[in-house]
Structure formats: C-alpha cells, structure tokens
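# Working through the structure, step by step
Spelled out, the chains give:
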Amino acid sequence: MPGSAGIAGREILRHHKFSNLCGTVYRQGNIVFTPDGNSVLSPVGNRVSVFDLVNNKSYTFPFENRKNIAAIALSPDANVLLSVDEVEPAADGRALLVNFKRGAVLHHFNFQKPVKAIKFSPDGKYIAVSHDSHVQVWRTPNHLIREFAPFNLHRTYTGHHDEVLSIEWSPDSKCFITTSRDMTARLFTLDPVEGFRPKTFAGHKDAVLNAFFSADAKTIYTVSRDGAVFTWKAKPREDEDDSDSDDDQPIASTSTAADSLYNEIANTRWGVHKRNYFNQPGTKVVCSTFHRSSCLLVVGFSTGVFGLWEMPAFSNIHTLSISQEKISSVAINPSGEWLAFGAKKLGQLLVWEWQSESYVLKQQGHYFDMNTLAYAPDGQHIATGGDDGKVKVWNKTSGFCFVTFSEHSAAVSAVEFAKQGQVLFSASLDGTVRAFDLIRYRNFRTFTSPTPVQFSCLAVDPSGEVVAAGSTDSFEVFLWSVQTGKLLDVLTGHEAPISSLAFSPTGNIIASGSWDKTVRIWNVFSRSRAVEPFTLSADVLSVAFRPDGKELAASSLDGQVMFFDVNLGKQTNIIDGRRDISGGRKADDRMAASNNASGKAFNSLAYTADGRCIIAGGNSKYVVIYDVREGVMVKKFQISQNLSLDGTEEFLDSRKVTEAGNIDLIDDHGDASDLEDRLDTALPGGQHGDMSKRRYRQEARTKCVRFAPTGRAWAAASTEGLLIYSVDDSTSFDPFDLDIELTPQALLSVLARREHLKALVMAFRLNERPLIQKAYESVPRADIRLVARGLPPVYVGPLLRFVAEHMEKSPHFEFDLLWASALLGAHGRHLRDRAGEYASVLRALQKGLSDFEQLVSRLCDDNRSTLDYLLDQLKVKQSRDVDVEMGDSTHPQQISPF
C-alpha cells in the first residue's frame with residue numbers, strides 16, 4: 001500500500017497544470033471590455049487575464065504568445081480573441097487565434113510586420129490590422145472548426161506615409177478610419193466603390209492617435225498627441241471650394257449595393273467644423289476612447305491624469321489624477337458606465353465608475369521583481385514580497401490583492417505566516433522584521449537588531465511566539481519574542497552571509513544555511529545549546545524541513561540538493577540537479593545552453609505535504625519536482641515561453657547577430673518618439689531594480705516556490721508574476737481496477753437497485769465527478785454510517801476530499817457533516833496511522849469546516865441581534881400598553897369629584 005500511495009502521489013504531481021497568474025494585472029498593450037461589459041481583458045506579459053468585475057474574480061488563459069502581447073481584440077460575439085506580439089525591431093507580428101469561451105488556441109498566424117492596432121468590425125465579419133504604414137482587412141475565421149488556413153485576406157489599404165496607430169470602424173461596418181504618425185487620418189471603404197478615393201483628414205500638428213465616428217456617422221472626431229481634438233462634419237455647399245481634404249473634386253459613388261449610411265459616409269466632403277484643445281500644460285495625450293451612444297470622449301495623459309468630455313460641445317465632465325505615471329491604455333464598457341485604465345510603468349489596472357466617482361477595481365502588482373511568497377495555513381491566501389518594499393496578500397480564489405503593506409523602506413526578502421494564519425511576518429533589507437495583523441490590517445510589531453543589518457531570510461516557530469531572521473552583514477541569526485518584541489538571542493558561528501532559515505515543524509530546532517558552505521542545526525530551546533554543522537560542497541542557498549521534522553534538505557550553488565537525517569546527523573541522499581535546471585541561453589552568453597550550467601542552482605526548496613517529493617526552483621526557466629526516496633525527477637515545468645525575457649531561448653537566432661553584436665543588446669531607445677522614453681535616468685552600470693530597457697533586460701527565473709497546504713497546488717514567484725499550478729480534476733481519468741463491465745449505465749442500474757456502497761465504489765473507479773456526486777447524494781441519511789463503515793480504505797482519502805470540496809458548493813451542509821463524522825469515526829485509526837499521507841486531505845476538510853463555521857457564526861450573530869431587537873420592541877410595546885391601561889384606570893378617579 002505505501003508503494004502504491006507513493007506512485008499515486010507522484011501521478012498527481014505530474015498532472016499539475018497552469019491555473020492562474022496573480023501579482024501581475026497589466027504589463028502593456030490595450031485593455032478590452034467584453035461585449036456584456038462585465039469583464040475586462042488585460043495583457044499580462046505574454047498571457048491574457050480576464051477580470052470579472054461583477055463576480056469579483058479573475059483568471060488567466062493558459063495559452064502563451066511567443067513574446068509580450070502588444071495588442072488584443074475580442075469579436076463582438078465574444079467567441080474569438082486575437083492576441084499579437086509586441087512591436088520590436090525584430091518582431092514580426094505573430095498572433096494567436098483563440099476560442100475565447102474555451103481558451104483553446106485555434107491557429108498561429110504571422111502578420112509579417114509589427115502590429116500597432118487590431119480591431120473587429122461591429123458585425124464581426126472582418127478584422128482590420130495595422131501593417132506598418134498599410135492596413136490589412138482579413139475575414140474573421142470560424143471559431144467552431146479547425147481550418148488549415150483560417151485567415152483570408154480581404155484587401156490591403158495604402159496611403160499613409162508613416163506607421164498606422166489606430167483603426168476605427170463605422171457603425172455599419174462598411175467603412176473605417178485610420179490614424180497615423182504622419183499627422184493625418186484617412187477614411188477607407190471596405191469594398192471598392194467606383195469613383196471613390198480615400199479621404200484624408202489633415203491639419204493636426206502632431207501624430208493623430210485616434211479617430212472616432214459619432215453614433216449617426218455624421219461627425220468624425222480626431223485626437224492628436226499634442227492635445228487637439230478636431231470635429232469633422234460635412235462641408236456646406238458654398239465652402240466646397242475651400243477644402244481641408246486632399247480631394248479637389250466631388251466624388252460620386254456609383255455603387256448600387258451600398259445602403260444610405262454607407263453612401264453618406266463615402267460621399268461626404270468632410271471639413272473641420274471645430275477645433276478644441278485640452279490645455280493641459282506640460283503633458284501629452286497618450287490614449288483615448290469614445291462612447292458613441294453617450295458621446296463621451298475619454299482621454300488619458302502622460303501625467304497620469306484622465307479627463308472626460310462630452311461631445312460635440314466639448315464640455316469637461318471631470319478631470320482626475322489616478323496614477324503617478326502615464327496612462328498607457330483606456331477603454332469604456334458598452335453601457336458607458338465604467339472606464340478601464342492601464343498604467344504600464346507601475347503595472348496598474350483601474351476600473352472607474354465615473355457617475356458615482358468610485359473605483360470598481362483598483363489593482364497593482366509589484367513594481368519590481370517579486371522576491372518571496374508564503375501560503376496561509378488555510379491555503380486561501382498568498383503573501384508576496386517584492387523589490388519595491390511592499391508586502392501584498394492575494395486571494396487565491398479571486399486572484400485579487402486585498403491588502404498592501406508598505407511600511408518597509410527597502411526590498412522585502414522573506415515573508416512567513418504564523419501557524420494560526422492571522423499574523424504575517426516579513427523581513428527586509430532595511431534592517432527590520434515586521435509583524436502584520438491580518439484582522440485589523442496593521443503593523444503591530446517591528447523587530448530590529450542592536451546594530452543595523454540587512455535581513456535576507458526569515459523563519460517562524462510552529463507556536464508563532466518566536467521569530468528568527470538571518471543577516472547578510474554580521475552573519476548572525478537573531479531571535480525575537482513576538483509577544484514582547486524583545487531580542488531573545490543572537491546565534492553566531494557562520495562565517496558568511498546567511499541565505500536561508502527554517503524552523504523544524506516540531507519546534508525544537510532551527511536550521512540555517514550560509515554561503516560559508518555549511519548548514520547549522522541549532523537547538524535553541526534546550527540548555528545545552530548544541531550546534532551541529534553539516535558541510536556541503538558549495539555555498540548553501542536554501543534549506544527546508546520535511547513536514548515530520550526528521551529530514552532536512554539543503555540546496556547548494558553547484559546545483560545539488562542534499563538530504564540529512566536530523567536525529568542521526570548524517571547525509572541520507574543527494575540529487576544532482578544542475579543538468580535538470582540548466583537550459584536557456586541569454587543574449588550575451590558565450591556558450592550554448594546545453595554546455596552552460598554555471599550559475600544554475602536551486603535557490604528555493606519546498607516539501608510536499610506528505611514529504612515524499614520536493615519542489616525546487618532557481619535562476620532558470622525551469623521548476624523541478626523530485627522524488628526524495630528514489631532521487632529521480634518526477635516532472636519539470638517551464639514557467640514561461642516568453643521570448644521577451646532573457647534565458648528562454650535554447651539557441652540564439654543567427655539573424656540577430658551583427659557586427660555590432662546581438663540586436664537585442666543594442667540600445668535603440670534613443671530613437672523613441674516620446675521625450676520621456678528617450679531620457680536615460682539610470683545610473684551607469686546599474687542593473688538591479690532598473691526596469692528601463694536601456695540598462696536591464698528581465699531574465700526568466702524563479703525566486704521562490706511553495707506548495708499549498710492542501711497539496712493540490714503550488715505557486716512560484718517568478719519574473720512573470722505569481723504563477724499558480726494546480727491539479728485539474730475535470731480532466732483526470734484514472735482507470736484503476738477498471739473492467740469492461742464497469743460503465744456509467746451499469747452504475748445507474750446499481751443505484752436503481754439501491755446498492756449504495758457498490759455504486760459509490762464504482763463511481764470512484766470510473767473517476768468521473770458527476771457520477772461520484774450522484775452516487776454520493778443518493779445515499780439515504782440513515783445509511784451514511786453503514787456505507788462509511790463498509791467503504792474500502794483505499795477510497796477513504798478520495799471520498800474525504802470530495803466531501804471537503806462538496807461543502808464549498810452544496811447547500812446540504814448537514815449531509816456533508818454526517819459523511820465527515822461517519823468517515824472519521826469509522827476510519828480514524830487508518831487516517832491517524834497515515835497522517836502524513838492524508839495531511840492535505842485533512843487540511844482541505846478543515847478548511848471547509850472552518851469556512852462554514854464562520855458563515856454559521858456570522859448568521860447566528862445576525863439572528864441574535866434581530867431577536868434582541870424584536871424582544872426590545874416587545875418590551876417597549878408591553879410597557880406602552882401597561883401605561884395606557886394605567887392611564888385609563890386613573891382617569892375616572894381624577895374627574896369623579898366634578
């Protein structure tokens with residue numbers, strides 16, 4: 001049985017798949033609302049995240065583009081999503097065609113040139129794509145079938161002299177207007193019209209960023225970067241000789257198939273009706289959008305200010321500063337109530353309801369790299385710390401950050417939860433360890449050392465009463481009391497910076513790893529103060545205890561993971577993982593990826609809940625899971641396929657190698673069009689913490705990995721953000737003990753005969769959730785204890801996990817409680833003897849019970865308050881009735897003498 005359990009555990013680890021991306025809400029590109037206006041799509045690196053604003057949830061699609069996404073477009077029926085790679089000198093406009101509702105990639109396509117703008121027509125039949133100074137219109141592929149060549153080019157439109165910046169369709173999908181860096185806008189018809197020449201809208205003194213049609217298509221608005229808004233309308237007959245357009249003669253359409261609106265747009269001689277200016281000194285317009293039905297123009301400026309204007313009167317509704325950096329993208333939902341803004345530099349995503357002047361969504365990731373993470377004991381919250389000095393706590397279910405602590409003044413190096421989960425500790429390079437109360441959201445303790453040092457690691461004992469931190473300056477370990485905040489002890493002995501700390505789950509000892517190539521075991525709570533050093537072959541980067549506290553794992557700089565028996569004080573196993581983690585060639589590497597293993601090591605280790613496997617991540621694009629006993633690799637995950645990051649390519653592209661070196665390393669940002677993009681504010685030689693592409697190119701690497709307490713997920717703090725991988729139960733199929741007679745029909749016939757135990761076992765053999773739920777819920781209440789007693793032990797764990805998951809979604813909670821009580825009562829000895837194996841199952845059950853306990857207690861408090869109120873009202877009424885009766889009885893006595 002133990003051997004089969006270990007194999008089953010390894011199989012579960014193999015089935016971990018990408019689940020969600022937290023910690024990053026916006027990187028670059030355009031933001032898009034879904035047609036129903038309830039969700040907003042945001043590009044996060046080379047992925048796309050969807051934020052459900054009504055249900056307060058977010059999820060990230062599992063597909064990845066080759067590079068960071070520059071533009072996305074969603075069809076009007078919300079069936080097809082297009083995502084296009086970022087614009088770079090070597091970029092070639094690679095795109096993914098995705099079934100939006102399923103999240104499945106239908107086709108890979110290459111537009112051959114960088115794409116700045118992409119837009120679906122209102123009827124959803126065509127896609128307009130900018131193609132440098134040209135515009136291409138493609139027919140929308142069918143999202144229901146897979147085709148060999150789903151993209152069919154309709155036409156290519158020319159006329160601009162510089163790259164096209166935006167595309168806007170007319171309401172009837174028959175015309176579209178494009179804007180360009182050549183300071184003009186041009187109007188094109190979708191199909192050729194005899195005698196028609198594209199109309200040019202000239203007169204702006206800077207690049208035209210956007211152009212919009214009014215709802216009746218009788219007015220066109222153009223917005224330029226210098227803050228000018230031109231209103232274009234049909235010119236009166238007497239002004240036809242004085243034209244702002246490049247068409248000197250009236251053009252008549254001879255197309256008989258076009259409708260009246262189509263003819264009106266194509267045949268109108270457009271002229272400037274009005275010129276308006278935003279008059280925002282020292283700022284440029286970065287983005288804008290327009291809501292046709294309400295005639296609202298939304299403009300984002302380079303100073304982080306956005307404004308709302310009503311057209312055509314150009315009356316300012318309000319102006320608000322929502323960011324300290326420029327607003328990169330703006331979108332408005334179909335109803336015109338919500339505005340979405342993205343700020344590239346700070347990684348902000350904001351959704352603003354302009355009528356009530358309140359935030360619907362306000363999220364921001366870490367400004368610089370994410371250094372560390374920690375799971376809360378219930379597995380529902382994840383805390384992260386970054387180079388920006390902030391500690392953020394994320395809700396795993398919704399994917400949103402619900403609290404940010406910004407008390408640290410330097411990079412946060414480690415975070416840890418107390419065992420109860422209500423206190424969060426963080427260590428920072430500013431020389432402080434802080435304790436945060438997650439009930440009142442405040443910093444209630446600050447721990448410091450006698451002399452200022454930088455803390456690189458952190459550990460909390462299981463009781464939550466002692467916190468320890470290791471320094472990089474004095475090579476010491478400091479211990480504080482959480483209750484009093486006083487320094488308890490200073491552990492000395494290391495001769496180099498301390499890289500990692502870990503308390504034993506039993507709470508008696510603490511392990512410290514250092515760059516002096518030793519791991520020291522400190523018995524801090526005994527009188528002997530015994531210290532046992534283990535010597536490794538290279539600098540120690542990370543240490544981790546097995547959940548039972550009997551084994552210690554340590555990773556070193558040479559890529560090895562060593563295992564030590566804590567009680568016997570000897571090495572038990574070693575895994576050489578340098579070849580497993582090596583891979584990915586940087587742009588300036590002199591050696592091929594297969595031969596370059598230098599610097600490849602694990603800087604973060606974490607055991608699974610049962611202690612059978614260990615997960616490791618480091619300065620590489622890979623995260624590896626090993627079987628501890630066998631010393632073999634179970635699964636290797638690649639955290640990112642993003643070629644915009646350094647170290648994801650296995651082979652360098654020879655086409656990028658020139659006489660001046662690799663093209664990716666050549667600074668070309670001095671040619672940028674915006675002054676703020678050309679300025680170089682970086683210190684010479686500065687790399688760490690400098691996000692400007694002039695000096696620093698991000699690398700694909702993992703700073704920290706942790707397993708969820710439930711054992712069904714793990715998280716990695718990487719360059720891309722907080723990556724969460726979990727087991728997808730809906731796709732798993734384990735044909736254990738399956739024969740040809742075991743079918744869903746056979747199960748239903750067994751249920752009809754009311755053989756509930758047999759039906760439940762058959763359902764678990766088929767391992768299909770709907771069948772398990774049907775067999776589970778069909779068991780009569782009186783037979784639960786009998787069925788639980790007869791259940792084979794091999795199915796106890798899966799059924800307990802099912803009960804825990806059923807609690808979260810089902811209203812029949814008493815039914816679930818009866819099942820949990822019966823299973824624990826009948827199989828308690830079996831579960832206790834294999835506590836490590838069933839630890840994740842029991843944690844999941846505890847989480848479900850604690851969630852319901854909070855719900856019931858809150859409901860009881862509300863009911864008690866209501867009953868107190870009703871009783872008080874009853875007493876008031878009774879006292880009022882008594883007063884009235886007394887008044888009636890005394891009134892005749894007062895008037896009797898008269």
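What counts, and at which threshold
- For every chain, the first residue of the written sequence is number 1, and numbering continues from 1 along that sequence.
- The model is predicted, so local features are restricted to residues of pLDDT at least 70 and side-chain atom pairs to those at 80 or more, both for listing and for counting; the totals for chains, interfaces and linings are taken over all residues.
- Calculation of side-chain values draws on the structure's entire complement of heavy atoms; hydrogens and water are dropped beforehand.
- Here a strand pair is declared whenever DSSP counts at least two bridges between the two strands.
- Counting from the N terminus, the helices are DSSP H or I runs at least four residues long and the strands are E runs at least two residues long.
- Only the contacting stretch of a helix is used when fitting its axis, a line to C-alpha atoms as for every element, and angles between N-to-C directions run 0 to 180 degrees.
- Salt bridge, as used here: a side-chain nitrogen of Lys or Arg that lies within 4 Å of a carboxyl oxygen of Asp or Glu.
- Relative accessibility thresholds used throughout: buried, under 20% of the residue-type maximum; exposed, over 50%; partly exposed, between the two (1.4 Å probe, protein chains only).
- Between 65 and 115 degrees an angle is taken as roughly perpendicular, under 35 as roughly parallel, over 145 as roughly antiparallel, and anywhere else as oblique.
- In what follows, residue pairs with any heavy atoms lying within 4.5 Å of each other are defined as contacts.
- Any N or O atom pair separated by 3.5 Å or less is treated as a polar contact, with the protein-specific requirement of one donor-capable and one acceptor-capable atom, and with residues adjacent in sequence counted only for side-chain atom pairs.
- Confidence scores labelled pLDDT are given residue by residue by the predictor and lie between 0 and 100.
- Whether two aromatic rings pair depends on their centres lying within 6.5 Å, for rings of Phe, Tyr and Trp, where Trp uses its six-membered ring; planes under 30 degrees apart make the pair stacked, over 60 edge-to-face, and the rest tilted.

Below, the discussion takes up the sheet that holds strand S53 (residues 632–638). Pairing within the open sheet is antiparallel, and its 4 strands lie in the order S50-S51-S52-S53. Lying at the two open borders of the sheet, with one neighbouring strand each, are strand S50 (602–607) and S53. When the angles between neighbouring strand axes are averaged without regard to direction, this sheet yields 20 degrees. With 6 bridges connecting them, strand S52 (residues 622–627) and S53 associate as antiparallel partners. Across the sheet, Asp-627 pairs through a bridge with Val-632, a residue of S53.

Before going further, it helps to examine the pattern of salt bridges. All told, the structure shown has 18 salt bridges when counted by the stated rule. A salt bridge links Glu-551 to Arg-546, with the nearest nitrogen and oxygen atoms 3.8 Å apart. Linking Arg-769 and Glu-805 is a salt bridge whose minimum nitrogen-to-oxygen distance equals 3.0 Å. Of this pair, Arg-769 sits in helix H7 (residues 769–777) while Glu-805 sits in helix H9 (residues 796–809), and the two are 36 residues apart along the sequence. Classification of Arg-769 by relative accessible area gives partly exposed; the value is 29%. In the salt-bridge network here, residues are joined through shared partners; they are Lys-119, Glu-168 and Arg-292.

Counting buried residues in S52 gives 6 out of 6 residues, a clear majority hidden from the surface. Burial of S52 is two-sided: the residues Tyr-622, Val-624 and Tyr-626 facing one way and the residues Val-623, Ile-625 and Asp-627 facing the other way are all buried. Of the strand pairs in this sheet, strand S51 (residues 613–618) and S52 are connected by 5 bridges, and their pairing is antiparallel. Across the sheet, the residue bridging to Cys-613 is Asp-627, located in S52. Here S51 folds back onto S52, and the loop between the two strands holds 3 residues. Here S52 folds back onto S53, and the loop between the two strands holds 4 residues, one of which, Gly-631, carries a positive phi near 70 degrees.

It is worth spelling out the packing of H7 against H9 at this point. Look at H7 against H9: their axes get within 12 Å of each other, and the N-to-C directions meet at 85 degrees. Classified by the angle their axes make, H7 and H9 are roughly perpendicular. Residues Arg-769, Ile-772, Gln-773, Tyr-776 and Glu-777 of H7 touch H9, and the partners they reach there are Leu-799, Phe-802, Val-803, Glu-805, His-806 and Lys-809.

Relative to the elements of secondary structure, Ser-335 occurs in the loop between strand S26 (329–332) and strand S27 (338–343). In sequence terms Ser-335 and Gly-37 are 298 residues apart; their C-alpha atoms lie 7.0 Å from each other. One polar contact links Ser-335 to Glu-337, side chain to side chain, over a distance of 3.5 Å.

With that out of the way, let us pick up the confidence of the model for the protein. For the protein, per-residue confidence averages 84 on the pLDDT scale, and residues scoring 70 or more make up 85% of the total. Below a pLDDT of 50 lies the segment residues 729–736, which in the model reaches 12 contacts outside its immediate sequence neighbourhood of four places, other chains included. Below pLDDT 50 for its whole length, residues 893–898 participates in 0 contacts with residues either more than four positions away or in separate chains.

Let us now look at the packing of aromatic side chains. Within the structure shown, the criterion is met by 43 aromatic pairs. Centroid distance Phe-18 to Tyr-725: 5.9 Å. Interplanar angle 80 degrees. Geometry classified as edge-to-face. Of this pair, Phe-18 sits in strand S1 (residues 16–22) while Tyr-725 sits in strand S58 (residues 721–727), and the two are 707 residues apart along the sequence. Judged by relative accessible area, which is 15%, Phe-18 ranks as buried. The exposure class assigned to Tyr-725 is buried, which follows from its relative accessible area of 5%. Ring geometry for Tyr-776 against Phe-802: centres 5.1 Å apart, planes inclined by 75 degrees, an arrangement best described as edge-to-face. Here Tyr-776, found in helix H7, pairs with Phe-802, found in helix H9; they are 26 residues apart in sequence, far enough to count as distant. For Phe-802, a relative accessible area of 4% corresponds to the buried category.

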